[in-house]
Amino acid sequence: MLTIVEKVILLQSVDVFSEVSTEQLAHVAAIAEEYDEPQGARIYSEADPSDAMYIVLGGKVRLHRGDTEVTVAEVEMAFGTWALFDDELRVVSATALAPCRLLRIDKEDFIELLADNVEITQGVLKAVVGRLRALAGRVGVGRG
Amino acid sequence: MAAGVPLAATRLFGLRGNELVRALPVAIAYGLVLASMYVLKPARNALFLGRFGVEQLPYVLLLVALVGGVSAALYGRAGRPAQARRMVLVLFPFLAVQLVVFWLLLGDQGPGWLVYAFYVWVNLYGLVATSLIWLIANSVFDAREARRAFGFIGAGGIAGAIVGGAFTQLAVAHLGTLNLLLICVVAMLVAAAVAQLPRPLDVPATSARRRNSAEVGTGWAASPLLFWLVPMVGLAAVVSVIVDIQFNAVVAETFTTVDRKTAFFGQFFAVLNLFALVFQLVGTPRILRRLGVGNALLVLPVSLALGSALAFVAPVLAVALLPKSVDGGVRHSLHKAASEILYLPLSDPLKQRAKLFLDSTIDNLGTGVGAVLALLMTSVLTLHHRHLGLVLLVVIAGWVLVTTRVHRAYVDAFRQALLRRELDPEAHRVELSDAASIQSLLAALDSDNDRQIAYSLQMLASVESEAVIQKALPLLSHSVAEIRVQALRVLQAQPGQSAAEQARALVADEDPRVRVAAMYYLCTRSDGERAERLREFLDSGNDELVAAALGCLAEHWPDEAERHLTPTFIAELLERQGAAGVVLRRELARLAGSFSDPSLAAREQLTRDESPAVLGAAIEAAGRRKAPEHVPWLLQQLANRQVRVQARSALAGYGVRVLPALRDALTNPEVPKAIRRGVARVLARIGHQKTVDLVAALALDAPAGERLQLLKTLNKLRERNPRLRFDRGRLAPLLDDEVRLHARLVALCRAADKPVTPPARLLWRALGEKQGEALERAFRVLGLLYPPKDIYNAYLGVVSGNRVVKASAIEFLDNLLARDDQRQVVPMLEAEPLPAVDESMEGHWLLPLMRSRDAWLRACAVFNADPTLLESIRDQVQQARRDPDPIVRETADLVLRRGGM
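Residues numbered from 1 in each chain as written. Chains lettered and ligands numbered in written order. Predicted model: local features only at pLDDT ≥ 70, side-chain atom pairs only at ≥ 80, totals over all residues. Heavy atoms only, no water.

**Student:** Please clarify how the overall build of chain A should be interpreted in this entry.
**Tutor:** Secondary structure assignment for chain A yields four helices and eight strands. Looking at chain A as a whole, 44% of its 144 residues are labelled buried. Across chain A, contacts joining residues at least 24 apart in sequence account for 72% of those joining residues at least 6 apart. (Helix = DSSP H or I, 4+ residues; strand = E, 2+ residues; numbered from the N terminus. Buried < 20%, exposed > 50% of the residue type's maximum accessible area, 1.4 Å probe, protein only. Contact = heavy atoms within 4.5 Å.)

**Student:** For this particular structure, what's the right way to read the confidence of the model for chain B?
**Tutor:** Residue and element names in this part refer to chain B. With 86% of its residues at a pLDDT of 70 or more, chain B shows a mean pLDDT of 81. The secondary structure element of chain B with the lowest average pLDDT is helix α8 (residues 205–222), at 43, and the one with the highest is helix α30 (residues 659–667), at 94. Segment residues 421–434 is flagged for pLDDT under 50; beyond a separation of four residues in sequence, or across chains, it makes 18 contacts in the model. Here residues 834–841 scores under 50 on pLDDT; set against residues more than four positions off or in separate chains, the count is 15 contacts. (pLDDT = per-residue confidence, 0-100.)

**Student:** Which parts of the structure should I look at to understand unusual backbone geometry?
**Tutor:** Negative phi values dominate among residues other than glycine, just as trans dominates among peptide bonds. All names here are of chain A. Of note in this structure, Ala-47 is not a glycine but carries a positive phi near 75°. Assignment of secondary structure puts Ala-47 in the loop between β2 (42–44) and β3 (52–58). A relative accessible area of 46% places Ala-47 in the partly exposed class. The phi dihedral of Glu-76 falls on the positive side, at around 75°, and the residue is not glycine.

**Student:** Is there a simple way to explain empty space enclosed by the protein in this structure?
**Tutor:** Residues and elements named next belong to chain B. Tallied over the full model, the rule gives three cavities of 30 Å³ or more. Computed from the structure, the largest cavity encloses a volume of approximately 980 Å³. If you go around the largest cavity, you meet 43 residues; those closest to its centre are Leu-127, Ser-240, Arg-331, His-332 and Asp-363. Secondary-structure elements contributing two or more residues to the lining of the largest cavity are α2 (19–52), α3 (57–79), α5 (112–140), α9 (224–254), α10 (258–313), α12 (322–341) and α13 (348–380). Counted by class, the lining of the largest cavity contains 20 nonpolar, 13 polar and 10 charged residues. (1 Å grid on protein atoms, 1.4 Å probe; cavity = no way out; pocket = protein on both sides within 12 Å on 5 of 7 lines; lining within 4 Å. Points joined across faces, edges and corners; volume = space filled by probe spheres on them. Nonpolar A, V, L, I, M, F, W, Y, C, P; charged D, E, K, R; others polar.)

**Student:** Sorry if this is basic, but what is going on with the side chain of B:Ser447 here?
**Tutor:** Residues and elements named next belong to chain B. Among the structural elements, Ser-447 can be located in the loop between α15 (435–444) and α16 (450–460). Engagement of the side chain of Ser-447 in a polar contact is seen with the backbone nitrogen of Asn-449, the distance being 2.7 Å. At a separation of 3.3 Å, a polar atom in the side chain of Ser-447 contacts the side chain of Gln-452. Not counting chain neighbours up to four residues away, the residues in contact with Ser-447 comprise Gln-452 and Ile-453. (Polar contact = N/O pair within 3.5 Å; in protein donor to acceptor, adjacent residues only side chain to side chain.)

**Student:** I would appreciate a short explanation of the pairing of strand β8 (residues 100–106) of chain A in the present structure.
**Tutor:** Every other side chain in a regular strand lies on the same face of the sheet, so the side chains alternate between the two faces. All names here are of chain A. When you tally the buried positions in β8, you get five out of seven residues, the bulk of the element. In terms of strand pairing, strand β1 (residues 32–37) meets β8 through six bridges, oriented antiparallel. Counterpart to Glu-33 in the pairing with β8 is Arg-104. One ladder, built from six bridges, connects β3 with β8; its direction is antiparallel. Its bridge partner being in β8, Val-56 is matched across the sheet by Leu-102. (Pairing = 2+ DSSP bridges.)

**Student:** Which parts of the structure should I look at to understand the packing of aromatic side chains?
**Tutor:** Remark: the centre distance and the inter-plane angle together describe each pair of aromatic rings, the angle taken between the planes. Residue and element names in this part refer to chain A. Tallied over the full model, the rule gives 20 aromatic pairs over all chains. Between Tyr-54 and Phe-79, the aromatic rings sit 5.2 Å apart at their centres with planes inclined by 10°, giving stacked as the arrangement. Taken together, the residues span a long stretch of sequence, with Tyr-54 in strand β3 and Phe-79 in strand β6 (residues 78–79) at a distance of 25 residues. In this structure, Tyr-54 and Phe-79 share a single accessibility class: buried. Pairwise contacts between aromatic rings join Phe-17, Trp-82, Phe-85 and Phe-110 into one cluster. (Phe/Tyr/Trp six-rings, centres within 6.5 Å; stacked < 30°, edge-to-face > 60°.)

**Student:** When you look at the sheet that holds β2(A) in this model, what are you seeing that I'm missing?
**Tutor:** To summarise the sheet geometry, strands pair through backbone hydrogen bonds and adopt either a parallel or an antiparallel arrangement. Residue and element names in this part refer to chain A. Spatially, the four strands line up as an open sheet ordered β2-β7-β4-β5, and their pairing is antiparallel. With one partner strand each, in any of the chains shown, β2 and β5 (68–73) form the two edges of the open sheet. Strand-to-strand twist across the sheet, computed as the mean angle between neighbouring axes with direction ignored, equals 30°. (Axes fitted to C-alpha atoms, helices over the stretch in contact; angles between N-to-C directions.)

**Student:** Got a minute to help me understand the interface of chain A and chain B in this structure?
**Tutor:** Interfaces are often sized by the amount of accessible area the parts lose when they come together. Contacts between the two partners involve 20 residues from chain A, matched on the other side by 20 residues from chain B. Both sides together, the interface formed by chain A and chain B hides about 1700 Å², and carbon and sulfur atoms give 52% of it. Broken down residue by residue, the surface that chain A buries against chain B is led by A:Val5, A:Thr22 and A:Glu23, which jointly contribute 31%. The salt bridge involving A:Glu23 is made with B:Lys770; its shortest N-O contact spans 2.4 Å. The interface formed by chain A and chain B includes 11 residue pairs in polar contact (both at pLDDT 80 or more). Looking at the side of chain A that touches chain B, the elements that each hand over two or more residues are α1 (4–11), α2 (22–31), α3 (107–116) and α4 (118–139) of chain A. By residue number, the principal contributor to the side of chain A that touches chain B is α1(A), which donates five residues. Among the residues forming the side of chain A that touches chain B, the class breakdown is 10 nonpolar, five polar and five charged. (Buried area = accessible area lost by both parts, 1.4 Å probe. Salt bridge = Lys/Arg side-chain N within 4 Å of Asp/Glu carboxyl O.)

**Student:** Quick question: what am I supposed to make of the nonpolar core here?
**Tutor:** It is characteristic of soluble globular proteins that their nonpolar side chains tend to be buried jointly. Ranked by size, the top nonpolar core spans 255 residues in total, and within it B:Trp121, B:Ile153, B:Leu714 and B:Phe779 carry the most contacts. Top contributing element to this core by residue count: α5(B), with 19 residues. Not counting residues up to four positions away in its chain, the partners in contact with B:Ile153 are B:Ala23, B:Val26, B:Ala27, B:Tyr30, B:Trp134, B:Ala137 and B:Phe141. In this structure, A:Ile31, A:Leu113, B:Ala752 and B:Trp845 belong to the second largest nonpolar core, which totals 56 residues. (Core = buried A, V, L, I, M, F, W, Y, C linked by side-chain atoms within 4.5 Å.)

**Student:** Please explain helix α27 (residues 612–625) of chain B as it appears in this structure.
**Tutor:** Within an α-helix, residues lying three or four positions from one another point in the same direction, as the helix has 3.6 residues per turn. Taking 1.5 Å as the rise per residue, α27(B) with 14 residues should run 20 Å; its terminal C-alpha atoms sit 20 Å apart, in good agreement. Of all the positions in α27(B), only B:Val614, B:Leu615, B:Gly616, B:Ala617, B:Ala618, B:Ile619, B:Ala621, B:Ala622 and B:Gly623 are classed as buried. (Expected span 1.5 Å × (residues − 1).)

If you want it as structure tokens, here you go:
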């Protein structure tokens, strides 16, 4: 089992948590659960409700739409991140390419956490706004 | 030895990082320019005095002013779009060619006008070359670096001036006066080349361009700093000319032959520049740091005033030379360095134009005015040159006055520069005061915009008019409930029963707020007693009507509640289940505060209701009642996410009476964090001096996280209640605490190993975050002692990530803060180490972190520890297994397992 500090090290590389302080990430780490998936297991399927995000601790996870591969998530990579903020159904499926160990953050737990920790909310919003700004910059929209 | 010189320069001027590398070429270029000047000056003086004598000196100075003014205008126009470095590259060789022409044509047989022309040319060269070199210096350093680097550059210039003077004295006998001009040609060309070396600061092109285009156009008119710089530079030039004429007159009276005059000039300038160099090395950096820009600018005029007064009282040679000695010694060292700093808040194009205008046009104008004054005094009034000292004293008084205004404008310029980062949105509200306004609001009722209709109805609520009735009646059937409510309120204000029929229908409206408004209308406007009408609704047996009647009581006649609601009736309502039951209980809860019987069981039951709507209404009722027995329950509700907003309002409504309970909650470690955080927000709403004193006292003992909450509370109290007093005595220790914590964290970062592994990177990041938190808290304390907006803007500048903006923010704070605060805050912002803190960092660098008061830092430090490395580390990790914080304990277990222990 990973300790809180070890989980924080993993979480700080996730894009949406980049602006959350490491101390606050310890709260996120506290709701993150480790579990195993066997090879070939379907972690979630296309059009499933978005209910959690994942970080690969061991193994590989294939993200695909039907038979078309979108990407492969390897160790320390996160996937399904936007499920934490979005009620839309999953747009890809996730399948374990090998026996996997995953870190899972449940959406409802995360929303509860945000409601009680304004600092985490601020950090997440800052990261999202930063992403939007970068996107706006790429498509040539002026700063607002 | 080779390494010793840079080290000495770095220490003497406090230069940091690569500042020496960047300042050195500018200092050399400036040295070469001044060296050439001090070769040319004695040559010019000797040639002029030898040919025309001192009597014609004011005339040539007047000519200098006239030609200088015209040339400056042309020079400024031609040079406007060019960069300073490029201008040096073009202009210096051009001036060198002109000097070669003078060398060819001047001499004993040369025409007299050419001597006049050479005098003017030397002056112009001095102004233009010096101005361009300082423009380059301004483009290479930001506001903070300039304080250190400008002293070094000034020293380079003075060293050049000494070399130039001494060289003249030694070489003139061998080479002859005219051939010295060719040496200057070489110096100018080398200076032009060396000045190309330093790289200008990177300023974001887009923002600079956007701001500058507007600023250049309006800068002169809009900038008070530039406005006050004009008289300051002009008066300084007037004084300089009069001092120069006095000096030349004394030399002319004392030394009879041209050779002796030349020898004296050479000797005087060499000694003067040596004094200036020593002053520059020892005095300038210290005076600038200790006195700040404002006071440093006063050193020259005040010293000149004293020197002139002495020279007037005791007219012996040594004393008579005093004003010129002060002028020559301080003007090009301290005064020049301080004056250059004044341009820093300006954008580059504006700065460039301003400097050219001030250094050339205004300086020449001042020279001209000074020359005319001297002519008036000596030729028209036939006074002795010594009496010019009296005029000097008057002009210097004006100079001092203007300098104080310049400093104020300089601070304001920084303030404005920081403010530009922020938008100040203004809320505009329409004032309803005349028929035209009413007409426009009535017209707005036809709008398709629902918000606009609701807003217009709100504004019309107090207007009695048939037109209002006609417009409001159709809105009673509007699809938006808020508009139906507002329409009923507007009609409530009208005489008669125009809406009675519609109100009867709206009593059964789907929206409870509409039902209450309709019932209120019917109770007040229908025939019969109000109480009877209300009773009818309460006894109707229809849950919706009963709830609306209760809502009507709560909103309009809470004092009559007990008359209408018997305990049996209340008990029956509390038994009601389902959604209707919730609505009934909520309305009942709104009335609970009006019940005089404290033991009323209903109230107790409502405070435990599962529905947040009911609970929220009960809390609001408790807030209205303000009974002391409700305070503990209200404090508990601060942790309930669904009703904490109401709980905060209710507790704040108690005012200062609730302060002891709030203090107890904050100081009791058993009280959950969520409640303590809520308490801090309640305190922010109790705008009383007692609250300020309590929170300030609590903040001093609070741990870092809670201290931030309490400081936020104080900031809000100040923002909402400007009259409250914030005692410096209580706040200074807080600032001191944060500055020390910040310094300690900086020292720990310095001591830590280079972060290459993920655990080390985590610790490094955590240390950086803690520094940021300490910085925020320090600024929040400053926001209580100084104008909050200024401090907030300075904070944004400091954390902007933009080096130039940060330097400007620090410079602004340096001028805004009182001396004691400045001494603490500025080194913190510049991340200067505190010796006392560094000395306390003994043993392995991880140990102080593992013993930190901050649990998260302890956990990160323990995670980085290798218990097999040192006994002290192993002992500390062992101790961490008994840490009060679970994360630290868990981490210590892991580390010991990892180390096989």
